[in-house]
Amino acid sequence: MENGTSFESTAPYIVGIGASAGGLEAIESFFKKMPINSGLAFVVVQHLSPDYKSLMAELLSKHTEMPVHRIEDGMAVNQNHIYLIPPRQNLTIFHGKLLLKEQVRTEGLNLPVDIFLRSLAEDAGSQAIAIILSGTGSDGTRGIRAIKEHGGMVMVQDEESAKFTGMPNNATGTGLADFILAPDEMPTQLSSFIKHPYSGSLETDIIPQGGTSITRIFALLREKCKIDFTYYKPSTVMRRIERRVSINQLADLTDYVRFMETNQQEINTLYQELLIGVTCFFRDEFVFQEFNEKWLPESIGRLQGEDLRLWVTACSTGEEAYSLAMLLAEYREQSNHYFRIKIFATDIDHSAIEKASAGLYPESIAADVPPELLSKYFSRKEDNFQVTQKIREMVVFAQHNLIKDPPFTNIHMISCRNVLIYLQPVLQKKSWSYSIFR
């Protein structure tokens, strides 16, 4: 362990920086402008050649007075320090300590930025900050989604300043970036953000009792977006409203209401923030194993010549619906038992439905989709994977409000595990409780 490194993290915020090709220049540009006493800790995860010694520590030390460390296993993160991933290693963080694991080169696509950011999201929650800089591919895209899901903040390098735009463009394409800036502009915005976190005390037990400001925010959302968020999970809603207050450098909720009233884009932004979903292909593998090994054989055995009809509610960008479609296609092929498949996949968010219908995903999904299914049910499209026509034809995507619109009928299975966790009991009871697959 290097001198000056303790065993307990002292950093109130931890900044995960992901970069690949062209990233060194962006990293240097960022740290040239970053104050040395910001109170932040910085963990840099860059794609490195496994065959050459990295000189990043020596090069970066020329541009900052902050201590620069090559990470060693078990090293704790301290404020005003910079930590660099070594070659041939993947990195995670647990209780403020950095853990290294040898990369296995036979396992296919390696995504060290995603791996670290996902663990950072779980470890630091709302105190996590992600920055995606120049690089090819889509590493970091899944990671920033996790950061946002846990209430963190995301910055992405703008296209004009990035030497290689793959990583920044894929990150920006998620719609989750709070700031899109050149690297030398990020430190000023970052400093303002951490000095002005919203720290007010908000009512989170029952939102309707939370005061006039909350009521007005929900009224603006309903008027503009036609959705009433009153009975959504209070902790999730309040955390994301607080973050928007902080990002916009406003003093309190009253100021935020005034800002929303004069800024239609902010209403749309908050709406999108509130709809961020936990989604990826084959999320919670044991659930899909249960579906494949138990539910599916029993249900197919009871079919009387009709279609097998499934409904995936709150489908977001379609990953769960397509995961089920692939499993059904596999089962039908391997069992020699032909049956027609119809999957209805719905979401309240029109933009999510459009993305789901296109079936186009960044190459980083290779970390979630088994290799045999990836090669069989996806085709390469530049730096992305697209779901094959055969699978897309099994799924009908539609915009649908689970609370107000009538349900689909004659459904053999409904999945609502992506939505019930975000609703208060009054809406959970109003929603359908006959779901088998949660």
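Residues numbered from 1 in each chain as written. Predicted model: local features only at pLDDT ≥ 70, side-chain atom pairs only at ≥ 80, totals over all residues. Heavy atoms only, no water.

On to the overall build of the protein chain. Along the backbone of the protein chain there are 16 helices and 17 strands. A buried classification covers 54% of the 438 residues belonging to the protein chain. Of all intrachain contacts in the protein chain linking residues separated by at least 6 positions in sequence, the fraction that spans at least 24 positions is 74%. Total accessible area on the protein chain stands at roughly 19800 Å², and carbon and sulfur atoms take up 49% of it. (Helix = DSSP H or I, 4+ residues; strand = E, 2+ residues; numbered from the N terminus. Buried < 20%, exposed > 50% of the residue type's maximum accessible area, 1.4 Å probe, protein only. Contact = heavy atoms within 4.5 Å. Areas by Shrake-Rupley, 256 points an atom, 1.4 Å probe, with all protein chains shown as cover.)

Strand order in the open sheet formed by three strands is β13-β15-β14, and the pairing between neighbours is antiparallel. For this open sheet the edge positions go to β13 (360-362) and β14 (378-381), each flanked by a neighbour on one side alone. For this sheet, the mean angle separating the axes of adjacent strands, direction not counted, is 35 degrees. Here β13 runs beside strand β15 (residues 384-387); their pairing, made up of three bridges, is antiparallel. Bridged to P362 within β15 is N384. (Pairing = 2+ DSSP bridges. Axes fitted to C-alpha atoms, helices over the stretch in contact; angles between N-to-C directions.)

As a further point, take the packing of helix α11 (residues 285-302) against helix α12 (residues 319-335). Packing of α11 against α12 leaves a shortest axis separation of 11 Å and a crossing angle of 55 degrees. Viewed along their axes, α11 and α12 adopt a mutual orientation that is oblique. The chirality of how α11 crosses α12 is right-handed. Touching F288, F291, N292, L296, P297 and I300 of α11 are E320, S323, L324, L327, L328 and Y331, all from α12. Per-class residue counts for the contact of α11 with α12 are nine nonpolar, two polar and one charged. (Parallel < 35°, antiparallel > 145°, perpendicular 65-115°, else oblique. Left-handed = near helix turned anticlockwise from the far one by under 90°. Nonpolar A, V, L, I, M, F, W, Y, C, P; charged D, E, K, R; others polar.)

As paired strands, strand β4 (residues 75-76) and strand β7 (residues 97-102) are joined by two bridges and run antiparallel to one another. When the bridges of β7 are listed, A76 appears paired with K97. With six bridges joining them, strand β6 (residues 89-94) and β7 adopt antiparallel strand pairing. Its bridge partner being in β7, Q89 is matched across the sheet by E102.

Here we take up helix α5 (residues 166-173). Along α5, the residues classified as buried are G166, M167, P168 and A171. Each element contacted by the buried residues of α5 is listed here: β1 (13-19), α3 (112-124), β8 (128-132), α4 (141-149) and β9 (153-157). In the segment just after α5, G175 is the residue with positive phi, at about 75 degrees.

A separate point is the environment of M326. Within the secondary structure, M326 sits in helix α12. Note on M326: relative accessible area 1%, which makes it buried. Separated by 47 residues in sequence, M326 and L373 place their C-alpha atoms 7.5 Å apart. Discounting chain neighbours no more than four positions away, the residues touching M326 are F281, F282, L373, Y377, F378 and I391.

What follows deals with the nonpolar core. Most often, soluble globular proteins have nonpolar side chains that are buried together. Counting residues in hydrophobic clusters, the biggest one holds 40 residues, and the most contacted among them are I343 and F378. Of all the elements in the fold, those that place two or more residues in this core are α11, β11 (308-312), α12, β12 (341-347), α13 (350-358), α14 (371-377), β15 and β16 (395-399). At eight residues, the largest contribution of residues to this core is made by α12. One finds I27, M34, V44 and I194 within the second-largest nonpolar core, a separate group that totals 31 residues. (Core = buried A, V, L, I, M, F, W, Y, C linked by side-chain atoms within 4.5 Å.)

Here the protein chain shows a mean pLDDT of 86. Residues at 70 or above account for 89%. Below pLDDT 50 for its whole length, residues 1-7 participates in 20 contacts with residues either more than four positions away or in separate chains. Segment residues 432-438 is flagged for pLDDT under 50; beyond a separation of four residues in sequence, or across chains, it makes 29 contacts in the model. (pLDDT = per-residue confidence, 0-100.)

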